[in-house]
Amino acid sequence: MADPVRLSGDSGFRRLFDKAPDAIIIYNPDNTFDYVNPAAARLLGYTRKGVMAKKVHEFLLPAEKDRLETVKENRKHGDKSLVEWRALRSDNIIINLEAKSVFLDERQQWLSFLRDITERKQMQTKLQKSQVKEQVLKTKTRILEKQRQDLITLNKAKNEFIMLASHRLRTPATSVKQYVAMLMDGYFGEVTPKQKEILKTAYEANERQMQVVNSLLLTAEFDSGQAKVLRYRQDIVKPIKELVAEIKPTLAEKNQSIKLKLPKNNLINCDIYLLKTALSHLINNASQYSQKGKLITLELVKKKDRVLITVADQGVGIRQRDHKLLFQKFTRIPNRLTDTVDGNGLGLYLVKQIVESHGGDISIDSHLNKGTTFSLSIPIKAIK
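As a starting point, this report considers the structure included with it. (Residues numbered from 1 in each chain as written. Predicted model: local features only at pLDDT ≥ 70, side-chain atom pairs only at ≥ 80, totals over all residues. Heavy atoms only, no water.)

### Comments concerning unusual backbone geometry
The general pattern is negative phi for most residues beyond glycine and trans for most peptide bonds. How we decide: The cut-offs for exposure are 20% and 50% of the maximum accessible area for each residue type, with area from a 1.4 Å probe on protein chains only; residues under the lower value are buried, those over the upper are exposed, and the others partly exposed. Comment: elements are numbered from the N terminus, with helices defined as DSSP H or I runs of at least four residues and strands as E runs of at least two.
Despite not being glycine, Asn92 has its phi angle at roughly 65°, a positive value. Its relative accessible area of 60% is what places Asn92 among the exposed residues. Positive phi outside glycine occurs at Gln108, with the angle close to 55°. For Gln108, the location among the structural elements is in the loop between strand 4 (94-104) and strand 5 (109-116).

Okay, structure coming up:
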């Protein structure tokens, strides 16, 4: 069989190239091969005969073919820079080649040393994609951070506005409350039953307004971290009884009653004003979402280093899927009594904030049409 490799009769030169680990080819002006070493044949996935039977441009992708003539011409003028090519192997797999070529002027041929850089290119592509992803991630992070800072600024401004507005609203509302009470008590002359009824309506409306203002103010204080929690060791049984006595007339309007299960006394480190505020919201909630004549139970039990306060009702209850919504701001759970109840959706949110400010936690046990029990677990000693 005739040897297809022709290397100008230089057998020593041919043997040296045959043993070279790099792919080496020599080709002519018409792109036919003059020499192909074994490494080049393996690189392209052909036998040496198979490669020799084709032309150089037949191994290149269509987009690369036009560039070949330009590169050949540049080589004639001494250009020896590395050139990358995309080639097609015999199994139709695209590979990336790096070629270092020189023009053999005396032979009018091109000598090229080829190296497979497919893996390197893949790594570069992955690295570039990774860098792009990293840059995108950094950009998104910067955007999110700016949005976070904007939200912090906006939230701070909102809380400051609410606190300012609440203070400004509370002052005249307090004055109105005092004057209406004085009118009802006859400080400015005798009041007819009809007038007293109207004054009572105004007094109750003002009281509801005060409750809304106080809830907004306390919410803004907790949200901004400015809420003052003044805890000191004291008996909480007596203040709870006083709170219940204040609420009983409201319960009586719906023919509801409240049953207390309290020890004689119970010392605990707490802010009694805030704790009474939390219990007031829970009792009012129990009353509002219970039908007329239903019983509410408030119980206090000491458990090791904590006290457990429960407020249970026999009301409409809450669906299991709605439990997660209970302690969110401005959220009201729909039920058959929702439309008949006034509320701003802040009560349970404030209860949770107050309990957690004492190092405690709150839980709920409720089922639709089977009533609701809220449980407050609060440490007896103050947690630093």
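### Observations concerning the packing of helix 8 (residues 272-288) against helix 9 (residues 347-357)
The criterion, for reference: Inter-axis angles, ranging from 0 to 180 degrees, are taken between N-to-C directions of lines fitted to C-alpha atoms, where helices are fitted over the stretch in contact. Crossing handedness is defined as follows: a turn of the near helix away from the far one that is anticlockwise and smaller than a right angle gives a left-handed crossing, while the clockwise case is right-handed. Should any heavy atoms of two residues lie within 4.5 Å, those residues are counted as being in contact. Under the grouping applied here, Gly and all other residues not named as nonpolar or charged are polar, the nonpolar ones being Ala, Val, Leu, Ile, Met, Phe, Trp, Tyr, Cys and Pro and the charged ones Asp, Glu, Lys and Arg.
Where helix 8 meets helix 9, the closest approach of the two axes is 9 Å, and the angle between their N-to-C directions is 145°. As for the relative orientation of helix 8 and helix 9, their crossing is left-handed in sense. Along its contact with helix 8, which presents Leu274, Leu275, Thr277, Ala278, His281, Leu282 and Asn285, the element helix 9 presents Gly347, Leu348, Leu350, Val351 and Ile354. Here the contact of helix 8 with helix 9 is built from residues that sort into eight nonpolar, four polar and no charged.

### Remarks on the pattern of salt bridges
Our working definition: Any carboxyl oxygen of Asp or Glu that lies within 4 Å of a side-chain nitrogen of Lys or Arg is treated as forming a salt bridge with it.
Under the counting rule described, the total for this entry stands at 15 salt bridges. Of the charged contacts in the structure, one is a salt bridge between Asp22 and Arg115, with a shortest N-O distance of 3.4 Å. One end of the pair, Asp22, is in the loop between helix 1 (11-18) and strand 1 (23-27); the other, Arg115, is in strand 5, with 93 residues separating them in the sequence. The exposure class of Arg115 is partly exposed, given its relative accessible area of 46%. One salt bridge connects Arg89 with Asp91, and the closest N-O pair in it is separated by 2.8 Å.

### Points about helix 7 (residues 237-252)
For an α-helix, 3.6 residues make a turn, and residues three or four places apart therefore share a direction. In plain terms, the rule: Multiplying 1.5 Å by the residue count of a helix minus one yields the expected span of that helix. Bend is the name given here to the angle between axes fitted to two runs of seven residues, the run ending at a residue and the run starting at it.
The end-to-end C-alpha distance of helix 7, which contains 16 residues, comes to 22 Å, matching closely the 22 Å that a straight helix rising 1.5 Å per residue would cover. The axis of helix 7 is deflected most strongly, by about 35°, at Glu246, and proline Pro249 appears within four residues downstream. In the core, the buried residues of helix 7 are packed alongside strand 6 (232-235), strand 7 (257-261), helix 8 and strand 9 (295-303).

### Concerning the sheet that holds strand 3 (residues 83-88)
The following threshold applies: By this definition, two strands are paired if DSSP reports at least two bridges between them.
Ordered by their spatial adjacency, five strands build an open sheet running 2-1-5-4-3, and the pairing between neighbours is antiparallel. The sheet terminates laterally at strand 2 (33-36) and strand 3, the two strands that pair on one side only. Direction aside, the axes of adjacent strands within the sheet are offset by 30° on average. Contacting strand 1, strand 3, strand 4 and strand 5, helix 4 (residues 62-76) runs over the sheet at an angle of about 140° to strand 3.

### With respect to the nonpolar core
Taken as a class, soluble globular proteins show a tendency for nonpolar side chains to be buried jointly. What counts here: We call a set of buried residues a nonpolar core when its members are Ala, Val, Leu, Ile, Met, Phe, Trp, Tyr or Cys and they connect through side-chain atoms within 4.5 Å of each other.
Ile236, Ile283, Leu298, Val311 and Leu376 are the most contacted members of the largest nonpolar core, which has 39 residues in total. Breaking this core down by element, the ones donating at least two residues are helix 6 (193-223), helix 7, strand 8 (267-270), helix 8, strand 9, strand 10 (306-312), helix 9 and strand 12 (372-379). Ranked by the residues each element gives to this core, the list is headed by helix 8, at eight residues. Residue contacts for Leu376: discarding those within four places in its chain leaves Leu279, Leu282, Val307, Leu308, Ile309, Val351, Val355, Asp361 and Ile362. Counting residues in hydrophobic clusters, the runner-up holds 25 residues, among them Leu43, Met52, Ile95 and Phe103.

### Let's talk about the side chain of Asn37
The condition is simple: Any N or O atom pair separated by 3.5 Å or less is treated as a polar contact, with the protein-specific requirement of one donor-capable and one acceptor-capable atom, and with residues adjacent in sequence counted only for side-chain atom pairs.
Of note, Asn37 is situated in the loop between strand 2 and helix 2 (38-44). Asn37 gets classed as buried once you look at its relative accessible area, which sits at 0%. For Asn37, the side chain forms a polar contact with the main-chain oxygen of Phe17, separated by 3.1 Å. At 3.0 Å, the side chain of Asn37 forms a polar contact with the backbone nitrogen of Ile24. Those residues within four positions of Asn37 in sequence are excluded, and the remaining contacts are Phe17, Asp18, Ala20, Asp22, Ala23, Ile24 and Arg48.

### Describing the packing of aromatic side chains
Put simply, the rule is: Any pair of Phe, Tyr and Trp rings, taking the six-membered ring for Trp, is counted once the centres come within 6.5 Å. Such a pair is stacked with planes under 30 degrees apart, edge-to-face with planes over 60 apart, and tilted for the rest. A ring is scored as having a charge over it whenever the NZ atom of a lysine or the CZ atom of an arginine sits within 6 Å of its centre and within 35 degrees of its normal.
Taken as a whole and judged by the stated rule, the model has seven aromatic pairs. Here Phe327 and Phe374 contribute two aromatic rings whose centre-to-centre distance is 6.4 Å and whose plane-to-plane angle is 75°, an arrangement assigned as edge-to-face. Residue Phe327 is located in the loop between strand 10 and helix 9, and its partner Phe374 is located in strand 12; the two are separated by 47 residues in the primary sequence. Its relative accessible area of 16% is what places Phe327 among the buried residues. Given a relative accessible area of 4%, Phe374 falls into the buried group. Through a chain of ring-to-ring contacts, three or more aromatic side chains come together here, namely Phe17, Tyr35 and Phe113. When the ring centre of Trp85 is taken as origin, the NZ or CZ atom of Arg67, which lies over that ring, is 4.3 Å away. The positively charged end of Lys72 is found above the aromatic ring belonging to Trp110, 4.9 Å away from the centroid.

### Looking at the environment of Glu98
Topologically, Glu98 is positioned in strand 4. With 17 residues separating them along the chain, Glu98 and Arg115 place their C-alpha atoms 5.2 Å apart. Glu98 has contacts with Leu82, Val83, Phe113, Leu114, Arg115, Ile117 and Arg120, leaving out every residue within four places of it along the chain. There is a polar contact of 2.9 Å between the side chain of Glu98 and the side chain of Arg120.

### Side note on the packing of helix 7 against helix 8
Their axes nearest at 10 Å, the elements helix 7 and helix 8 cross at an angle of 30°. Judged by the sense of rotation from one axis to the other, the crossing of helix 7 with helix 8 is right-handed. Along the contact surface, helix 7 presents Pro239, Ile240, Glu242, Leu243, Val244, Glu246, Ile247 and Leu251, while helix 8 presents Ile272, Lys276, Leu279, Ser280, Ile283, Asn284 and Ser287. Counted by class, the contact of helix 7 with helix 8 contains nine nonpolar, three polar and three charged residues.

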